[in-house]
Amino acid sequence: MPERPVADRPMIEITNVTRSYGAFKALDDANLVIREGEFFSLLGPSGCGKTTLLRMIAGFDNPTSGTIAVDGQRMEGIPANRRPTNMVFQSYAIFPHLNVEQNVAYGLKRLRLDSAEEKRRVEEALGQVSLNGLGKRGATELSGGQRQRVALARALVMRPKVLLLDEPLSALDKKLREQMQVELRRLQQAVGITFVLVTHDQYEALAMSDRIAVMFGGRIAQVASPKEIYQRPVNRQVADFLGGMNFVKAEIVEEQNASLLVDTLGFGRIKTDKPKAFVRNGSGATLGIRPERLRVLWDDSSAKFEVSGKVVERHYFGEITHLIVEIPGLEKPLSVTETNDFGADDIPVGSSIRLAYDPEALVALAD
Amino acid sequence: MSGLRRFLPGRSWLGAYAAIYVGFLSLPVIFLPIFSVNTAATPKFPLSGYTLKWYEQLPHTPALLDAAWNSLIVGISASVLATTLGILAARAITRYRFPGRRSINGLIMAPLVLPEIIVAISMLLVMLQLGLSLSLFTVVLGHVLICIPYSMTVLISGFEGFDRSLEEASADLGESAFGTFRRVTLPMVMPAIISSLLVSFTISLDEFIIAFFLTGTEATLPIYIWGQLRFAAKLPGVLALGTLLLVLSFVMLSIAEILRRRAARRTSNEGGLYA
């Protein structure tokens, strides 16, 4: 399926939005533009302000200062029931006294459609979430996955401009969660509605989103595509939150506008892009390299760039093996993940190995 | 652990204790229906024969029918009023966090532990001070006071754990605040409301002391029974009436409890997995 192109037209504009509770700022001067038709994720640990932001877009909470606009219209003073947004709640909030059909038709009742049209739209929505034929099922007779689909259908049937999803997959078991990630992405591509997803699961955000905003402590740390966020995190916090990262100390040799030339003990002299948030603090800097960007070199092979060290720990994870490798000169051992097709799971602890790397994979990180 | 076990009575002892305990509690209640179908006018063993005549006489006693009618009016009024006030209070207490929440809750529950005769006397004084003449209306007021704690207990368990996101979901789908209350909140707590009505009605129906103090010339059923006890010959009729009240109360309270549990389960919003 070809990717649906994202229009370059803003759908949600968050401008200088702050939400304080007394002295505590749940959200601190957030600025963000989410485009029409985009699958956008707000990613961060609990308490980072992502849910606060989502609830303000929905109208369940109001900014202390700043403005939120949806489709060009400012949302101040507009209550939740008159906003062009619909939400899928973390608890799903399925009305337990209504059956599936009545749940999905709940919002349509206010529109006073004729009954044939209402029925058609309910059927269409149930079809979109693969719940055909379950319309008469009681809300209390549904599995967790089905409840989630009803919540989706109930929101989609309203044809919102923006669909807000508050950790919709967190209550599902791992297998169902992975299946729903694929389905949600497919559904978004099919209907073309702007999706805003709140999640604390980095893999979920990476797998589904067009773009991700990573948030910490009420602030937006980075907004970029999943690939860029993963490969070029702006600072140590973002790098650490999205998967494993080896941090390597470096000495700055030369600083330019957009690049840094640094010396490291293990990896030698490296030229790397300078992150926007980089603030020079003495001559020290930190580089990062993902564990899977280090590859084990076997006896008969060599690489242009390599380091050697000693395996101190080995952890088996089925399709991959996780090695901890001590490198002379590095203060912390490196984490290395290697696929098991060539026998990485048989490397004895205590043996010497060589690791190949691409200097491009070493990225400078702001603190 | 084993050292401690030596000091605990064995299982057989516990079983016997439980049986005696329950027997002592319910034995008097069992005598009531037994003597109500006895042919003799005095409640004494051995039983002299089986009859339903005491029951057959009940509908032919005008004073009894009047008392039953009065009790019905008082019961319905008191239960509706107590439940209405209970809904408002239970909603406030479960939904909002405000200063004095606990103490207000405690005050509402107070009539549960106050001696009923003290409550009755104080109510009588207040009514007279207010210049109200004693009537069924004053009985209703008294019964509302003692029904509210029970009504609140039932309603709070209905409202408690009510997932707020259900109301948010309704608003999110375009419904107004009033529409949300009508289409989501009310239907979900309806079992608790009915349960509260039944409990309050039963309490009012059985209540004697407050009715005795606050009624004017009109008797409710318990007052009528109290009056009949002076006449030995009327005793079997009273036993028959008492049996009917007992059965009615038992049935209504059972229905109320079933509904209360259903409401509590509904509001938890997890019914889908565990129902």
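Let us look at the structure shown here. (Residues numbered from 1 in each chain as written. Chains lettered and ligands numbered in written order. Predicted model: local features only at pLDDT ≥ 70, side-chain atom pairs only at ≥ 80, totals over all residues.)

**Looking at the overall build of chain A**
Then, number 1: Looking only at helices and strands, one finds eight helices and 20 strands in chain A.
Then, number 2: Taken along its principal axes, the extent of the C-alpha atoms in chain A is 75 × 45 × 40 Å.
Then, number 3: When the 367 residues of chain A are sorted by exposure, 42% land in the buried category.
Then, number 4: Contacts in chain A between residues far apart in sequence, at least 24 positions, make up 66% of those at least 6 positions apart. (Helix = DSSP H or I, 4+ residues; strand = E, 2+ residues; numbered from the N terminus. Buried ≥ 20, exposed ≤ 12 C-beta atoms within 10 Å, placed from the backbone. Contact = placed C-beta atoms within 7 Å.)

**Points about the overall build of chain B**
Then, number 1: Each helix and strand in chain B was counted, giving 13 helices and zero strands.
Then, number 2: Tracing chain B from N to C terminus, the helices and strands come up as α-α-α-α-α-α-α-α-α-α-α-α-α.
Then, number 3: Dimensions of chain B along its principal axes, counting C-alpha atoms only, are 70 × 70 × 35 Å.
Then, number 4: Of all 275 residues assigned to chain B, the portion counted as buried reaches 32%.
Then, number 5: Long-range pairs, those at least 24 residues apart, make up 80% of the contacts in chain B between residues at least 6 apart in sequence.

**With respect to the nonpolar core**
Side chains of nonpolar character tend, in soluble globular proteins, to be buried together.
Then, number 1: Core analysis: the biggest nonpolar cluster contains 159 residues, and Ala153, Val196 and Leu287 of chain A have the highest contact counts within it.
Then, number 2: Top element by residues in this core is helix H7 (residues 136–159) of chain B. It accounts for twelve residues.
Then, number 3: Not counting residues within four places of it along the chain, the set of residues in contact with Val196 of chain A comprises Ile34, Phe40, Leu42, Leu54, Ile57, Val162, Leu164 and Leu165 of chain A. (Core = buried A, V, L, I, M, F, W, Y, C linked by C-beta atoms within 7 Å.)

**Quick notes on the sheet that holds strand E6 (residues 85–88) of chain A**
All names here are of chain A.
Then, number 1: Across the sheet, six strands lie side by side as E6-E7-E8-E3-E9-E10; this open sheet has mixed pairing. This sheet does not close on itself; its edge strands, each paired only once, are E6 and strand E10 (219–224). Strand-to-strand twist across the sheet, computed as the mean angle between neighbouring axes with direction ignored, equals 20°.
Then, number 2: The pairing of strand E3 (residues 39–43) with strand E8 (residues 194–199) spans five bridges and is parallel. Residue Ser41 lies in a different strand from E8, and its bridge partner there is Leu197. (Pairing = 2+ DSSP bridges. Axes fitted to C-alpha atoms, helices over the stretch in contact; angles between N-to-C directions.)

**Description of helix H5 (residues 174–191) of chain A**
At 3.6 residues per turn, the α-helix brings residues three or four places apart onto the same side.
Residues and elements named next belong to chain A.
Then, number 1: End to end, H5 covers 26 Å across 18 residues, agreeing with the expected 26 Å (1.5 Å per residue, within 8%).
Then, number 2: Every buried residue belonging to H5 is among Met180, Gln181, Leu184, Leu187 and Gln188, and all of these are buried. Here the buried residues of H5 occupy an arc of 140° about the axis, which is enough to place them on one side. Within H5, the exposed residues directed more than 90 degrees away from the buried face are Lys175, Val182, Arg186 and Ala190.
Then, number 3: Looking at the buried side of H5, the elements it contacts are E3, helix H3 (115–128), helix H4 (144–156), E8 and helix H6 (202–208).
Then, number 4: Where H5 terminates, the next one or two residues include Gly192, which has phi positive at roughly 75°. (Expected span 1.5 Å × (residues − 1). Arc of directions from axis to C-beta.)

**Describing the interface of chain A and chain B**
Accessible area lost upon the coming together of the parts serves often as the stated size of an interface.
Then, number 1: Every contact between the two is made by 23 residues of chain A and, on the other side, 20 residues of chain B.
Then, number 2: Those elements that place two or more of their residues in the side of chain A that touches chain B are E6 and H4 of chain A.
Then, number 3: For the side of chain A that touches chain B, the leading source of residues is H4 of chain A, giving three residues.
Then, number 4: Taken together, the residues of the side of chain A that touches chain B break down into twelve nonpolar, seven polar and four charged. (Nonpolar A, V, L, I, M, F, W, Y, C, P; charged D, E, K, R; others polar.)

**Focus on the environment of Ala239 of chain A**
Residues and elements named next belong to chain A.
Then, number 1: Inspection of the secondary structure assignment puts Ala239 in helix H8 (residues 236–241).
Then, number 2: Given 27 C-beta atoms within 10 Å, Ala239 falls into the buried group.
Then, number 3: The spatial distance from the C-alpha of Ala239 to the C-alpha of Phe317 is 22 Å, given a sequence separation of 78 residues.

**What about the packing of helix H4 (residues 62–95) of chain B against helix H11 (residues 221–228) of chain B?**
Residues and elements named next belong to chain B.
Then, number 1: At their nearest, the axes of H4 and H11 sit 8 Å apart, and the two run at 150° to each other. The orientation of H4 with respect to H11, classified from their angle, is roughly antiparallel. Contact residues: Ala63, Leu64, Ala67, Ala68 and Ser71 in H4; Leu221, Ile223 and Tyr224 in H11.
Then, number 2: A per-class count over the contact of H4 with H11 returns seven nonpolar, one polar and no charged. (Parallel < 35°, antiparallel > 145°, perpendicular 65-115°, else oblique.)

**A word on the sheet that holds strand E15 (residues 295–297) of chain A**
Residue and element names in this part refer to chain A.
Then, number 1: Across the sheet, five strands lie side by side as E15-E19-E16-E17-E18; this open sheet has antiparallel pairing. At either end of the open sheet lies a strand with only one pairing partner, and these are E15 and strand E18 (334–339). Within the sheet, the average angular offset between the axes of one strand and its neighbour, ignoring direction, is 50°.
Then, number 2: Examined bridge by bridge, strand E16 (residues 306–316) and strand E17 (residues 320–326) share six bridges and lie antiparallel to one another. Within the sheet, the bridge partner assigned to His315 lies in E17 and is His322.

**Points about the environment of Glu204 of chain A**
All names here are of chain A.
Then, number 1: Examined against the element boundaries, Glu204 turns out to sit in helix H6.
Then, number 2: Overall, Glu204 belongs to the buried group, with 22 C-beta atoms counted inside 10 Å.
Then, number 3: Note: C-alpha distance between Glu204 and Ser259 (55 residues apart in sequence) is 32 Å.
Then, number 4: What Glu204 contacts, discounting residues up to four positions off in sequence, is Leu169, Gln181 and Thr199.

Spatial relationships are all this shows, so hold off on functional conclusions.
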